[in-house]
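Read off the chains here:
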Amino acid sequence: EWQQRRSAAQAPGQHDNTLHLPELALENSASRVLAMIRGFCRGGGLEMARACDLRYAGASASFAIPAARLGIGYGVHGTNRLVASVGHAAAREIMLSGRRYKADEALAMELINRVLPDGELEGFVRKLAADLASNAPLSMAASKSIINGIIEARGDFSAGEALIERCAKSEDHVEGRRAFMEKRAPTFKGK
């Protein structure tokens with residue numbers, strides 16, 4: 001589906017909205033949202049996990065944002081949240097390298113809240129969810145709203161949006177998708 005949705009010139013924005021709207025729903029929900037991460041958490045999956053309030057991973061989980069390896073301009077909102085989560089130095093490494101991170105590395109850069117042995121992950125997250133359910137909902141909703149407001153207090157991103165559109169229409173974007181589908185290393189030209 002990714003290949004089909006990303007292939008048409010107008011489709012990248014539509015594809016991005018497919019992720020962006022649910023991401024905003026998670027971020028803006030008055031409820032507490034927990035992510036329980038097992039296995040691969042990459043690209044849009046990682047973006048959805050980062051939209052959650054708290055993120056817990058099994059020891060065998062791995063994380064990546066492969067946009068640079070696929071010729072994709074990663075969204076301004078998602079990049080803003082990434083910088084707010086891990087800081088600009090780690091965000092630059094994640095975005096520019098496109099490399100995969102093990103769970104302990106993701107924890108060290110504060111991409112996730114905690115790593116647990118795979119067999120203990122679900123029990124821990126279920127207990128935490130029950131504990132959170134006993135806390136004052138209005139207090140937690142207020143805290144969540146204030147934290148989100150602090151994260152979103154940024155400037156004008158129109159230049160970034162224009163660059164994302166340029167990526168979406170580039171030959172590199174086509175090459176990145178093609179290489180991904182053919183399971184080979186892409187050859188980017190900066191066009």
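Our structure's up above, just so we're on the same page.
Parameters and conventions
- Residues numbered from 1 in each chain as written.
- Predicted model: local features only at pLDDT ≥ 70, side-chain atom pairs only at ≥ 80, totals over all residues.
- Heavy atoms only, no water.
- Salt bridge = Lys/Arg side-chain N within 4 Å of Asp/Glu carboxyl O.
- Helix = DSSP H or I, 4+ residues; strand = E, 2+ residues; numbered from the N terminus.
- Buried < 20%, exposed > 50% of the residue type's maximum accessible area, 1.4 Å probe, protein only.
- Pairing = 2+ DSSP bridges.
- Contact = heavy atoms within 4.5 Å.
- Polar contact = N/O pair within 3.5 Å; in protein donor to acceptor, adjacent residues only side chain to side chain.

**Q** Outline the pattern of salt bridges, supporting the account with residue identities and numerical values.
**A** One pass over the full model with this rule turns up 10 salt bridges. The closest approach of N and O atoms between Arg 38 and Glu 122, which form a salt bridge, is 3.1 Å. Here Arg 38, found in the loop between β1 (34-37) and β2 (40-42), pairs with Glu 122, found in helix α8 (residues 118-133); they are 84 residues apart in sequence, far enough to count as distant. Owing to a relative accessible area of 31%, Glu 122 belongs among the partly exposed residues under this scheme. With its nearest N and O atoms 2.7 Å apart, the salt bridge here joins Glu 175 to Arg 184. For Arg 184, a relative accessible area of 34% corresponds to the partly exposed category. Here the salt bridges share partners, and the residues they tie into one network are Arg 38, Glu 122 and Arg 126.

**Q** Lay out the sheet that holds strand β5 (residues 101-102) with the relevant residues and their values.
**A** The strand order across the open sheet built from three strands is β2-β4-β5, with neighbouring strands paired in mixed fashion. Each end of this open sheet is capped by a strand with a single partner; those strands are β2 and β5. Inspection of the sheet shows strand β4 (residues 62-64) paired to β5 by two bridges, in the antiparallel sense. Bridge assignment links Ser 62 to a residue of β5, and that residue is Lys 102.

**Q** So what's going on with the environment of Arg 38? Which residues, and what values?
**A** Residue Arg 38 is classed as partly exposed on the basis of its relative accessible area, which comes to 48%. Each C-alpha atom, one on Arg 38 and one on Asp 118, is 7.7 Å from the other, the two residues being 80 residues apart in sequence. Apart from the residues within four sequence positions on either side, Arg 38 is in contact with Ala 61, Leu 121 and Glu 122. A polar contact of 3.1 Å, which involves the side chain of Arg 38, links it to the side chain of Glu 122.

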